[in-house]
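Coordinate analysis (summary)
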Amino acid sequence: MESLLQSFLGDNLLTLVLYCALPLVFIILYELLAILGEVKISAFMQDRLGPMRTGPYGIIQPIADVLKLIQKEDITPKNADKFLFNLAPYLSFMAAYAAFAVVPFSSQYVGANLNLGAFYLLAIGSLNVAAIMMAGWASNNKYSLYGAMRGVAQIVSYEVPAAMMLVIVVIFVGSLNLQDIIVAQSGPIWNWIVFGGPKADVMLPSGQLFEASWINLVYLPFFLAAAVMYYITALAETNRTPFDIPEAESELVSGYHTEYSGMKFAMFFMSEYANMFLVSAVTAILFFGGWNSPFGTYVGELVNVQWLVPVEQFLWFAFKGLFFVFVIIWLRWTLPRLRVDQLMYMCWKVLIPFSFAIALIVGFLVVVL
Amino acid sequence: MSGYFKDIYDGIATAMVGMKITWGHLFTKSVTIQYPDVKHDIPERVRNRLYVNMDDCIGCDQCAKVCPVNCITIETAKSLPTEDLGETSTGNKKKLWVTKFDIDIGKCCYCGLCVFPCPTYCIFMTDVFEFSEYKREDLIYKFATLTEEEAAEKTANAVRQKQEQEEKKKAALEAKKKAEEESKAAEKQKPETGENEGADQKAPTT
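Calculation rules
Residues numbered from 1 in each chain as written. Chains lettered and ligands numbered in written order. Predicted model: local features only at pLDDT ≥ 70, side-chain atom pairs only at ≥ 80, totals over all residues. Heavy atoms only, no water. 1 Å grid on protein atoms, 1.4 Å probe; cavity = no way out; pocket = protein on both sides within 12 Å on 5 of 7 lines; lining within 4 Å. Points joined across faces, edges and corners; volume = space filled by probe spheres on them. Helix = DSSP H or I, 4+ residues; strand = E, 2+ residues; numbered from the N terminus. Nonpolar A, V, L, I, M, F, W, Y, C, P; charged D, E, K, R; others polar. Buried < 20%, exposed > 50% of the residue type's maximum accessible area, 1.4 Å probe, protein only. Arc of directions from axis to C-beta. Contact = heavy atoms within 4.5 Å. Patch = residues over 30% accessible without salt bridge, like charges linked within 9 Å, V, L, I, M, F, W, Y side chains within 5 Å. Areas by Shrake-Rupley, 256 points an atom, 1.4 Å probe, with all protein chains shown as cover. Salt bridge = Lys/Arg side-chain N within 4 Å of Asp/Glu carboxyl O. Pairing = 2+ DSSP bridges. Axes fitted to C-alpha atoms, helices over the stretch in contact; angles between N-to-C directions.

What follows covers empty space enclosed by the protein. All names here are of chain A. As enumerated under the stated definition, the model contains five cavities of 30 Å³ or more in all. Estimated volume of the largest cavity: approximately 250 Å³. For the lining of the largest cavity, the elements supplying multiple residues, two or more each, are helix H5 (117-125), helix H7 (142-173), helix H9 (220-237) and helix H11 (262-287). The class makeup of the residues in the lining of the largest cavity is 12 nonpolar, five polar and two charged.

And the structure:
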């Protein structure tokens, strides 16, 4: 991808900026879709129709929403800490966007092919906590502060099991590079890690040979449980229902972004939706084969059109990510919000013991097999 | 310990049950009615906007009298004997010009009491329920069919007719009174004269 852009524009700063901005284009398009999806899916699940007036079946509703947000007055409360208050929304979105740097959209496009991709993902994911705390404290509002405190407690707690899930996959594949993890799952659907990982030897992009055989089926129950648990922690880290206690509009107005309006609110909103796709994409990468086709082959390979293969990979990746985003929305309109103590119980007494147990078993199996 | 695992199992199982329910509703037909485009069927005997069929109104004022909130104002004028107002569809003879028939729908409480006393069934409630206005004055419905000039003319006619009749009556009364007085006077005259005569007769005697 980078070489393609370079061949068009030459090797200069513009090429680099364009290369970095590609995920942003994707995020913005995805967000328009997700806003519409959220309102429409919630409406259908409640036997309503949702927005129907803006365009046919309300399909340009997200554009109307964006236009409205742009027109809104940008309010900074008088007693807020102005610098931090104004900085927080941008930091929040920056944290979400920065994580996209290591997300491989296809075998040909990854912002930065870091060898420490998985580690970077964990590290940058924690930056969002700083933004939430900044927003809550700088607002000088009790609801914002409560929301921020809850948000920080929740995200910091849930990072432990999330990291353990990542560690489980990293132990198994033997690489922190996300492209390596995806390539290890290449081939048909049963090679995905959620189904016990590859069943034949794979050559990883880092040059390392990943030895595997059908005996990997013993991992299946552990990876299945790990996938479900990672998804639950991911929900908690994005502050989505049933873990939306930092926002909790029925008790805390809307938590840490109570005082925000206009585009600054929109930045938090974008950051939430970008994070939603990020965790969905990471779930897909770690357990569901990333950009791999579930059939093990691509239409581009069958008809011998090489440029079609990365496009297909991107489509598979987007499809998997959007599917998990759909499940997040589905869960939001199904489950009620947890209490704070239930949330902490679930994290420290259920997810963490189970994740450590699975990590120990997988580690043991990797050594033995 | 078994309670711990049971809680986990229950948590997952009940979440699945909930997701199954919402999944089912995802494909259920929506209950939304696209209101301004599509409307609910309204029950047969709804009480909404009042309407008066002025062709049948005889100006009897019964609806205005029964109205608990006084939202109906009726003014009438008697027709001249030369004018024929025709009959209502129920066969009642129309004798009054209805010069004013205002209903302040903003005051109306939709009790429907005005509908029952109407002898010609000309005031009734319709199923129209969308009649919001920007000004309160626009909620006063004027049902009178006569123009203002016509109404003024009819009122003047009625007043004049009344005056004429009163004058006639007065004249008749006066004529009667006069006649009575005359006859009285005539009657009085006789005994007076008799008395006078008597006096006259007496006078010489005294």
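Okay, H5 of chain A next. Residue and element names in this part refer to chain A. Listed in full, the buried residues belonging to H5 are Gly 117, Ala 118, Leu 121 and Ile 124. Taken down its axis, H5 places every buried residue within 135 degrees of arc, on the same side. Taken together, the buried residues of H5 touch helix H4 (82-99), helix H6 (127-138), H7, helix H8 (178-183) and H11.

Let's shift gears to a nonpolar patch on the surface. All names here are of chain A. Taken together, the side chains of Tyr 57, Ile 59, Ile 60, Ile 63, Val 66, Leu 67, Ile 70 and Met 263 present a nonpolar region at the surface, about 760 Å² in accessible area. The element that contributes the greatest number of residues to the nonpolar patch is helix H3 (residues 61-71), accounting for four residues. The residue Ile 59 is located in the loop between helix H2 (13-45) and H3 in this model.

Residues and elements named next belong to chain B. Strand order in the open sheet formed by three strands is E2-E3-E5, and the pairing between neighbours is antiparallel. Strand pairing shows two members of the sheet lacking a second neighbour, strand E2 (72-78) and strand E5 (140-142), which therefore form its edges. In this sheet, neighbouring strand axes are inclined to one another by 15 degrees on average, regardless of whether the strands run parallel or antiparallel. When E2 meets strand E3 (residues 96-104), the two strands line up antiparallel, connected through seven bridges. Residue pairing in the sheet places Thr 76 in a bridge with Val 98 of E3.

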